[in-house]
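# Structural features, examined
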Amino acid sequence: STDSPAEGLSSYAVEMAEVGQMLDVVTAKSAVFIDELGRGTEARHGTAMAGAVVEELDRSGARGIFATHLHGVLDLGLNLSPFARRMMMETRDDRDGRLRPTLRMVPGECRESLALQTA
């Protein structure tokens, strides 16, 4: 999402409208991909919002990927079904000692910001 000056909306307002529309129509047959929800807000508020969206998506039965830099989501006491799983992109050290993504999803959680392109 980006600002919409013609409509007088910030990127946060545009993002919230888009998320609201998505949550209105999401079903168990939906595939949902969310990358960096809450960019235009303070981390604590963004974390709470991201947690609420994750819970609602889980409640809908939708499948998908939710990628975020808001690591506080991992510490929230979310009410999730047994079908929700924490997964992360596997990484390996290359010859230069830098982490490189393998593009393989594995069980676990990543608490580092690796600036990976997920979309």
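Each remark here, short or long, concerns the structure printed above.
Residues numbered from 1 in each chain as written. Predicted model: local features only at pLDDT ≥ 70, side-chain atom pairs only at ≥ 80, totals over all residues. Heavy atoms only, no water.

## A few points about the pairing of strand β3 (residues 87–93)
Spelled out, the test is: Pairs of strands are assigned from DSSP output, requiring at least two bridges between the strands. Going along the chain from the N terminus, every DSSP run of H or I of four or more residues is numbered as a helix, and every run of E of two or more is numbered as a strand.
Of the strand pairs in this sheet, β3 and strand β4 (residues 99–107) are connected by 6 bridges, and their pairing is antiparallel. Opposite Asp93, over in β4, you have Leu99 as the bridge partner. The antiparallel pairing of β3 with β4 creates a hairpin that spans 5 residues between the two strands, and Gly97 there sits at a positive phi of about 80°.

## Regarding the layout of surface pockets
Over the atoms rolls a probe the size of a water molecule, and in doing so it shows where empty space is left. Put simply, the rule reads: Cavity: a set of points on a 1 Å grid over the protein atoms alone where a 1.4 Å probe fits but cannot get out. Pocket: an open set with protein on both sides within 12 Å along at least five of seven lines, its lining residues, like those of a cavity, having an atom within 4 Å of a point. Grid points are joined across faces, edges and corners, and a volume is the space filled by probe spheres set on the points. Note on residue classes: Ala, Val, Leu, Ile, Met, Phe, Trp, Tyr, Cys and Pro are nonpolar, Asp, Glu, Lys and Arg are charged, and everything else, Gly too, is polar.
For the second largest pocket, the calculated volume is near 170 Å³. Every residue lining the second largest pocket is counted, 10 residues in all, and those nearest its centre are Glu15, Glu18, Val19, Ile34 and Leu37. Elements with a minimum of two residues in the lining of the second largest pocket: α1 (11–25) and β1 (31–35). Sort the elements by how many residues they give to the lining of the second largest pocket and α1 lands first, with 4 residues. Tallied by class, residues from the lining of the second largest pocket come to 5 nonpolar, 1 polar and 4 charged.

## Regarding helix α2 (residues 43–60)
Put simply, the test is: By definition here, a helix of n residues has an expected span of 1.5 Å times n minus one.
The end-to-end C-alpha separation of α2 is 25 Å, in line with the 26 Å expected for 18 residues at 1.5 Å each. Within two residues after α2, Gly61 carries a phi angle of roughly 85°, on the positive side.

## Concerning the environment of Cys110
Note the threshold: Contacts are assigned to residue pairs that have any heavy atoms within 4.5 Å of one another.
Among the secondary structure elements, Cys110 is positioned in the segment after β4. Between the alpha carbons of Cys110 and His69 there is a distance of 9.4 Å; along the sequence they are 41 residues apart. Residues in contact with Cys110, not counting those within four places in the same chain, are His71, Leu74 and Met88.

## Some details on the nonpolar core
For clarity, the threshold we go by: For the purposes of this section, nonpolar cores are sets of buried Ala, Val, Leu, Ile, Met, Phe, Trp, Tyr and Cys residues that join through side-chain atoms within 4.5 Å. Accessibility here uses a 1.4 Å probe with only protein chains present; expressed as a share of the type maximum, an area under 20% marks a residue as buried, one over 50% as exposed, and anything in between as partly exposed.
Grouped together as the largest cluster of nonpolar side chains are 13 residues, with contacts concentrated most on Met22, Val32, Ile34, Leu37, Val53 and Leu57. Taken together, the elements giving at least two residues each to this core come down to α1, β1 and α2. The element contributing the most residues to this core is α2, with 4 residues. Residue contacts for Met22: discarding those within four places in its chain leaves Val32, Ile34 and Leu57.

## Focus: the side chain of Thr47
Within the secondary structure layout, Thr47 lies in helix α2. The exposure class of Thr47 is buried, given its relative accessible area of 11%. In contact with Thr47, other than residues within four places in its own chain, are Leu70, Gly72, Val73 and Leu76.

## So, α1
In plain terms, the rule: Directions drawn from the helix axis to the C-beta atoms are what define this arc.
Look at α1: 22 Å from first C-alpha to last across 15 residues, which is about the 21 Å you get at 1.5 Å a residue. Every buried residue belonging to α1 is among Val14, Glu15, Val19 and Met22, and all of these are buried. Considered in projection along α1, the buried side chains sweep an arc of 130° and stay on one side of the axis. Across α1 from its buried face, at more than 90 degrees, point the exposed residues Gln21 and Asp24. Against the buried residues of α1 lie β1 and α2.

The values reported here are purely geometric and, on their own, carry no functional implication.
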